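# Overview (structure and organization)
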Amino acid sequence: MKYVIIGAGVAGVTAAETVRKIDSDGEIVLIGKEQFLPYKRYLLTEFFCGTISKEQLFSLSCEDLKRLKITFRKGQLAKSVDFENKKVKLFHNETVSYDKLLIATGGKPRIGPALRSFEKNLQLYYSLEDILLIKEKLDSVRTCVVFGQGLSTLDLMAGLKNLKKEVIYITKKPRAFFPLLQSNSDVDVHQFLSEKGVKIITNDRPVSVEKRDDKFIVETFNGEKLTADLVFAWDDYRPNIRFLENTKIDRKIGILVNEQLRTSVEDVYAAGDCAEIYHPKIKNYWINFGYPNAIEQGETAGKNMTGLNENYRIRETLVFHVLGKPFEARWWE
Amino acid sequence: MKHKELSIRFCGIAGDGVVSSGKILAGTVASIGLFVMVNDIYSAEIRGLGKSTTTVRFSGKKIHSMGDGVDLLVGMAGKESISELVEVKSGGAVIYESSEPGELVEGESLAGHIPPDVRGYAVPLKRLANEASGSNRGRNIVAIGALCYMYSLPPEIFINHITKLFQRKGESVVENNVKAFRLGYDYCQENYPLREEFDLPAAGEAKKLISGNEAVARGAMNCGLQIYAGYPITPATKIMEYCAKDLPPLGGWTIQVEDEIAAISTVVGSWFAGKRAMTATSGPGLALMSEMINLAVMAEIPAVIVDVQRGGPSTGLPTKVEQSDLNIALYGGAGDSPRVVMAPADSEESYSGIQLAFDLAEKYQTPVIFLSDLFLGQRIETAILKEKIDRNRSTRKKATAEDLKNYVRYQLTDDGVSPWIVPGESGAFYTVTGLEHNLQGNPNYEAEVHQSMTEKRHRKFESMIQDIPPADVIGDEDAAIGIASWGSTIGAILEGMEIAREKGVKSKLIKSIMIHPQHEESFRRFFDSCQRIIVAEMNFQGQYAALLKSRYGIKPVEMHLPAVNPVSPKAIAQKIMEVNDELTQ
Ligand SMILES: Cc1cc2nc3c(=O)[nH]c(=O)nc-3n(C[C@H](O)[C@H](O)[C@H](O)COP(=O)(O)OP(=O)(O)OC[C@H]3O[C@@H](n4cnc5c(N)ncnc54)[C@H](O)[C@@H]3O)c2cc1C
């Protein structure tokens, strides 16, 4: 049996490990487009702030991959899938055939149409590559402008403050707001950020980000003109499924799966931030974000790929860590 | 990560521009004063067929060998490059082609074999080359652009070098190549922004690049080579090519003869006529030359024979290196047949050494066998040549008016060297023969004559000591571990010693371009100062070790290094550590 997993995030890695536990002989191919060993994305801010080392980010070492007999195709992008012939086509045109396929490509920040023409001047905060590139510049960075609504934005701001950088946060809302649960109601995020020294601009949004010498000039809808060393901005977080365009697999925002994480195509599964799972209670699909969920989904998908029939239990909430402090949230973005 | 040195290998097949990639990269970094060494490896005897690789290693510090492993593999040919992956260091990188049309079969692509501790960079080399010039030809330049970004090298130095290099071919060629370079650079910048750094020292004066073979040819021409006679053989042919191009304009001759016997005969004949002459060959050719070399010994006619060693015996391994012709060089003659044997360690020594070879041959009227090897001969390196140009140089012991009164060709002298006149010079006639002869040169088989003539022929080697350089001792003088070696293996030893030193183990090396005769006193002193001696060389029998054992009575640890590929400095370091462990136990 040949198991191919696209995406070497927590969901993909957990699935690979799970498959190996059950099927000691099957061939496992893990395809990840990033230039690193599989790592824990949710710890990136800890690494950014220097509380953990780069090595502590990695979830599998070269020795682990060898021991688990996992062929890791590092830095290789899946550019399409031929479901009829059960083949994954890679960026360099090599095809990898599969018997069982798991798509665990996660999600990534998306820059909306308003800011897209300034993409070159915007910094994302999502991958280890982003963090390493930011770290290279960090010494010469004093002021950062941040725009976005998601939890990773909150994480980023906390990280930047921790590194003693000036942070200007722009939000479309009347107050800084993040989708934290009632259980955290003792925490007023707006106040929390203000107290940490974050300057908050409300009811506004950036309309242009131009580079001038070593600085960036941010203009907002309300006419504010800000100067920054780095500008972090994205609009939302979307599943990485563009490579499935023109295929028959059912999808909405993410890939649609049933409770067993099976997609509409036989022998193809999806797990983690790229999967939209059928929620029997609300009778609709939703993305069950967050790393603990991705781990559980990876495990369920891994088991079912080997022939088991296990159901994944939807989580209503996710736990999000801002510099070690756990927050409960319902939505990621 | 900041690299103090980088080793980059291009791998491809005919038409991929592998060799020119190496030249461009090496030329560029040498142009800003870095030290470089380039080694090409061909799998087939005939260049341009099958797979080939070129490896460029460069640093701000002098480079002595190709080191261990490569930091970057540029896989111009995907499938053929797979077997090169084992050479990529952990943490190293691979550039692979991502614009192959159609479908690549699983497992046949280079990418599919890259181990997880190595980074793979997919770069559409062909697509970008076509964008630049409308053909695949600039793929190698695209790759150079990509690696320039990857290691944060300044692009201007490449653009300057490419411009200079292609200027002759016209503006559009320059433009296309610069564009190809830019496209590779920009592609990496956009897709792989995270990059490593090369610790670039302040730009220094441009350095010259030269191969061992070229250094031999240049050295010979610059000290008065007049006749080159040879028969092509890998890996020595280049010497003839240089001489063919550059010797005639200097008033000399290059003759390609029908075989190696004709080549050595031409050389001996030329020297007989007083002309500085040389041939270059490899092991099989040297075997064929044995008898004529013997004639030169017996008739006391100089000859300079370069043997660019390859794997043997017989036709052996034409494209692989080995240092296994020492025995034939030293002993490959009938009778008591002494000859000078020299072995340079690098291009600088190849240049100065071949000039010394001519001087010794001419002064002492004896053949000199100059043992280079495939790795040394073919590799290109930055060298600081002690340029000596004197086409009229002569070390001949000429006959004085007194000598000419009653000239005898083989006059017995204290130093064993007889005054020598050549045909055409007035005042004397003499016989030359391969038979044992008397002072006049006439055949003579009497016991006393044979004894005194044999002694004379050997006495020259004792006198020669005054003209040969003393051996060099390199490393920590107080080290207990001493190493002796010869030829191109020296480079790997110097680096192996450095690795061991970084780990706290000291050692020292004795090296001499002279294999026979040697400054025995300096060797004895060196061996006496060591508790343990390692003799390392690239052959199975331990030919140099055997010589040193019989000459100095030492009992060394012998490293008979596997031939075929240049020696690994790490293997040397490991041996030094092992010997150190034994010593300190
Ligand atoms: C800064 C930050 C902090 C976070 N903190 C928390 C937290 O505290 N708590 C929490 O629950 N969640 C947190 N998250 C979210 C969490 O990291 C994700 O929910 C989780 O990583 C999802 O796992 P996954 O395996 O589905 O996807 P990912 O971890 O995103 O992995 C998917 C992988 O697939 C690769 N890929 C994508 N497309 C392709 C392709 N076509 N071919 C090959 N490979 C491809 C991607 O490059 C990626 O490496 C955080 C996220 C960020 C960015």
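Criteria and cut-off values
Residues numbered from 1 in each chain as written. Chains lettered and ligands numbered in written order. Predicted model: local features only at pLDDT ≥ 70, side-chain atom pairs only at ≥ 80, totals over all residues. Heavy atoms only, no water. Helix = DSSP H or I, 4+ residues; strand = E, 2+ residues; numbered from the N terminus. Rg over C-alpha atoms; globule rule 2.2 N^0.38 Å. Buried < 20%, exposed > 50% of the residue type's maximum accessible area, 1.4 Å probe, protein only. Contact = heavy atoms within 4.5 Å. Areas by Shrake-Rupley, 256 points an atom, 1.4 Å probe, with all protein chains shown as cover. Domains from an automatic or database assignment. Buried area = accessible area lost by both parts, 1.4 Å probe. Salt bridge = Lys/Arg side-chain N within 4 Å of Asp/Glu carboxyl O. Polar contact = N/O pair within 3.5 Å; in protein donor to acceptor, adjacent residues only side chain to side chain. Nonpolar A, V, L, I, M, F, W, Y, C, P; charged D, E, K, R; others polar. Pairing = 2+ DSSP bridges. Axes fitted to C-alpha atoms, helices over the stretch in contact; angles between N-to-C directions. Core = buried A, V, L, I, M, F, W, Y, C linked by side-chain atoms within 4.5 Å. Lys, Arg positive; Asp, Glu negative; His and termini not counted. Parallel < 35°, antiparallel > 145°, perpendicular 65-115°, else oblique. Left-handed = near helix turned anticlockwise from the far one by under 90°. Near = heavy atom within 4 Å. Expected span 1.5 Å × (residues − 1). Arc of directions from axis to C-beta.

### Examining the overall build of chain B
- A tally of regular secondary structure across chain B gives 19 helices and 22 strands.
- At 26 Å, chain B has a C-alpha radius of gyration in line with the 25 Å of a compact globule built from 585 residues.
- Counting only C-alpha atoms, chain B reaches 85 × 65 × 45 Å along its principal axes.
- A burial count over chain B gives 58% of its 585 residues as buried.
- The long-range share in chain B, meaning contacts at least 24 apart out of those at least 6 apart in sequence, stands at 75%.
- When the accessible surface of chain B is totalled, it reaches about 23,200 Å², and 52% of it is carbon and sulfur.

### Thoughts on the domain arrangement of chain B
Residues and elements named next belong to chain B.
- According to the domain assignment, chain B consists of domain 1 (2-198), domain 2 (210-382), domain 3 (401-466) and domain 4 (472-584).
- For domain 1 and domain 2, the distance between their C-alpha centroids amounts to 35 Å.
- Opposite the 18 residues of domain 1 that make contact, domain 2 presents 12 residues.
- Carbon and sulfur atoms supply 51% of the area buried between domain 1 and domain 2, which totals about 1,200 Å² over both sides.
- Counting the contacts that link domain 1 with domain 2 gives one salt bridge.
- Taken together, the connections running from domain 1 to domain 2 amount to three residue pairs in polar contact (both at pLDDT 80 or more).

### Here's the deal with the interface of chain A and chain B
- The partner chain B presents 27 residues to the 24 residues of chain A that form the contact.
- For the chain A and chain B pair, buried surface summed over both sides reaches about 2,000 Å², with 50% attributable to carbon and sulfur atoms.
- Taken together, the connections running from chain A to chain B amount to two salt bridges.
- Where chain A meets chain B, there are 10 residue pairs in polar contact (both at pLDDT 80 or more).
- Put simply, the parts of the chain that give the side of chain A that touches chain B at least two residues each are helix 3 (62-67), strand 3 (70-74), strand 5 (87-90), strand 6 (95-97) and helix 5 (128-137) of chain A.
- Ranked by the residues each element gives to the side of chain A that touches chain B, the list is headed by helix 5 of chain A, at four residues.
- Classifying every residue of the side of chain A that touches chain B gives nine nonpolar, seven polar and eight charged.

### Observations regarding the pairing of strand 11 (residues 253-256) of chain B
- Bridge analysis of strand 10 (residues 227-230) of chain B against strand 11 of chain B gives four bridges, and the strand direction is parallel. The residue bridging B:Gly230 from the neighbouring strand is B:Gln256, located in strand 11 of chain B.

### Overview of the pattern of salt bridges
Residues and elements named next belong to chain A.
- What the rule picks out here adds up to 53 salt bridges over all chains.
- The salt bridge partner of Glu 84 is Lys 248, with a shortest N-O separation of 3.3 Å. Remark: Lys 248 occurs in the loop between strand 16 (236-239) and strand 17 (255-257) and Glu 84 occurs in the loop between strand 4 (78-82) and strand 5; sequence separation between them is 164 residues. Per residue, the accessibility class of Glu 84 equals that of Lys 248, and both read exposed.

### Here we look at the sheet that holds strand 17 (residues 472-475) of chain B
Residue and element names in this part refer to chain B.
- An order of 17-19-18-21-22 is seen for the five strands of this open sheet, with the pairing classed as mixed. Both outer strands of the open sheet, strand 17 and strand 22 (557-560), are each paired with one neighbouring strand and no more. Along the sheet, successive strands turn relative to each other by an average axial angle of 25 degrees, direction set aside.
- Pairing between strand 17 and strand 19 (residues 508-511): four bridges, direction antiparallel. For Ile 474, the partnering residue across the bridge sits in strand 19 and is Leu 509.
- Helix-sheet contacts for helix 17 (residues 520-528) involve strand 17, strand 18 (481-485), strand 19 and strand 21 (532-537), and the interaxial angle to strand 19 is about 165 degrees.
- Where helix 18 (residues 543-552) meets the sheet, it contacts strand 18, strand 21 and strand 22, and its direction lies at approximately 140 degrees from that of strand 21.

### Points about the nonpolar core
All names here are of chain B.
- Counting residues in hydrophobic clusters, the biggest one holds 89 residues, and the most contacted among them are Met 278, Met 342, Ile 354, Phe 527 and Tyr 544.
- Looking at which element gives the most residues to this core, the answer is helix 12 (residues 347-364), with seven residues.
- Sequence-distant contacts of Phe 527, defined by excluding residues within four places in its chain, comprise Ala 484, Ile 510, Ile 533, Leu 548, Tyr 552 and Ile 554.
- Core analysis: the next-biggest nonpolar cluster, separate from the first, contains 65 residues, Leu 6, Ile 24, Ala 26 and Val 56 among them.

### Here's the deal with the sheet that holds strand 12 (residues 206-212) of chain A
Residue and element names in this part refer to chain A.
- Read from one edge of the open sheet, three strands run 12-13-14, paired in antiparallel fashion. Two strands bound the open sheet, and with one partner strand each, they are strand 12 and strand 14 (225-228). Going from strand to strand, the sheet's axes swing by 20 degrees on average, the running direction of each strand aside.
- Here strand 13 (residues 215-220) runs beside strand 14; their pairing, made up of four bridges, is antiparallel. Residue pairing for strand 14: Ile 217 is matched across the bridge by Thr 227.

### A closer look at the domain arrangement of chain A
Residues and elements named next belong to chain A.
- You can read the domains of chain A as domain 1 (2-106 + 240-315) and domain 2 (109-237).
- Inter-centroid distance (C-alpha atoms) of domain 1 to domain 2 is 30 Å.
- Contact with domain 1, which involves 15 residues of that partner, is made by 17 residues of domain 2.
- Regarding the contact of domain 1 and domain 2, the summed buried area is about 1,400 Å², with carbon and sulfur atoms giving 70% of it.
- By the criterion of area lost to domain 2, the three top residues of domain 1 are Thr 45, Phe 47 and Phe 48, representing 44% of everything that side buries.
- Linking domain 1 to domain 2 there are zero salt bridges.
- Our enumeration of links across domain 1 and domain 2 arrives at five residue pairs in polar contact (both at pLDDT 80 or more).

### Focus: the side chain of A:Asp130
All names here are of chain A.
- Residue position: Asp 130 is located in helix 5.
- At 6.9 Å, Arg 41 is the nearest oppositely charged side chain to Asp 130, a buried residue that forms no salt bridge.
- Leaving out residues up to four positions away in the same chain, Asp 130 has contacts with Gln 123, Leu 124 and Tyr 125.

### What to know about the packing of helix 4 (residues 139-150) of chain B against helix 5 (residues 155-166) of chain B
Residues and elements named next belong to chain B.
- Relative orientation of the contacting elements helix 4 and helix 5 amounts to 160 degrees, with a least axis distance of 10 Å. As summarised for this structure, helix 4 and helix 5 are arranged roughly antiparallel, according to the angle between their axes. In terms of crossing hand, the pair formed by helix 4 and helix 5 is right-handed. Here Ile 141, Ile 144 and Cys 148 of helix 4 come into contact with helix 5, specifically with Pro 155, Phe 158, Ile 162 and Phe 166.
- Considered class by class, the residues forming the contact of helix 4 with helix 5 number seven nonpolar, no polar and no charged.

### A closer look at the environment of B:Leu225
All names here are of chain B.
- Relative to the elements of secondary structure, Leu 225 occurs in the loop between helix 7 (212-222) and strand 10.
- Distance in space between the C-alpha atoms of Leu 225 and Trp 253 is 8.9 Å, their sequence separation being 28 residues.
- Non-local contacts of Leu 225, meaning those with residues more than four positions away in its chain, are made with Ala 220, Cys 243, Leu 247, Arg 276, Ala 277, Met 278, Phe 358 and Arg 391.

### Points about the site of the ligand
Residue and element names in this part refer to chain A.
- Around the ligand, the surrounding shell holds 34 residues, and the nearest of these are Ala 11, Glu 34, Asp 273, Tyr 291 and His 321.
- In the environment of the ligand, a nitrogen atom lies 2.9 Å from a nitrogen or oxygen atom belonging to the backbone of Ala 78.
- Taking Gly 290, its main chain carries an N or O atom lying 3.2 Å from an oxygen atom of the ligand.
- When the free accessible area of the ligand is taken as 990 Å², the share hidden by the protein chains comes to 98%.
- Only helix 1 (10-22), strand 2 (27-32), helix 8 (291-305) and strand 21 (318-322) provide two or more residues apiece to the shell around the ligand.
- Both domain 1 (2-106 + 240-315) and domain 2 (109-237) contribute no fewer than three residues apiece to the shell around the ligand.

### As for helix 6 (residues 171-191) of chain B
Residues and elements named next belong to chain B.
- Helix length check: helix 6 (21 residues) gives 30 Å between terminal C-alpha atoms against 30 Å at 1.5 Å per residue, within 8%.
- Within the sequence span of helix 6, burial applies to Val 174, Asn 177, Val 178, Ala 180, Phe 181, Leu 183, Gly 184, Tyr 185, Tyr 187 and Cys 188.
- Where helix 6 is buried, its residues meet strand 7 (119-123), helix 3 (125-133), helix 4 and helix 5.

### Overview of helix 3 of chain B
Residue and element names in this part refer to chain B.
- If you check which residues of helix 3 are buried, you get Leu 125, Leu 128, Ala 129 and Ala 132. All buried residues of helix 3 project into a common sector of 100 degrees when viewed along the axis, lining one side.
- Of the surrounding elements, those touching the buried residues of helix 3 are strand 6 (88-97), strand 7, helix 4 and helix 6.
- Gly 134 occupies a position one or two residues after helix 3 and carries a positive phi of about 80 degrees.

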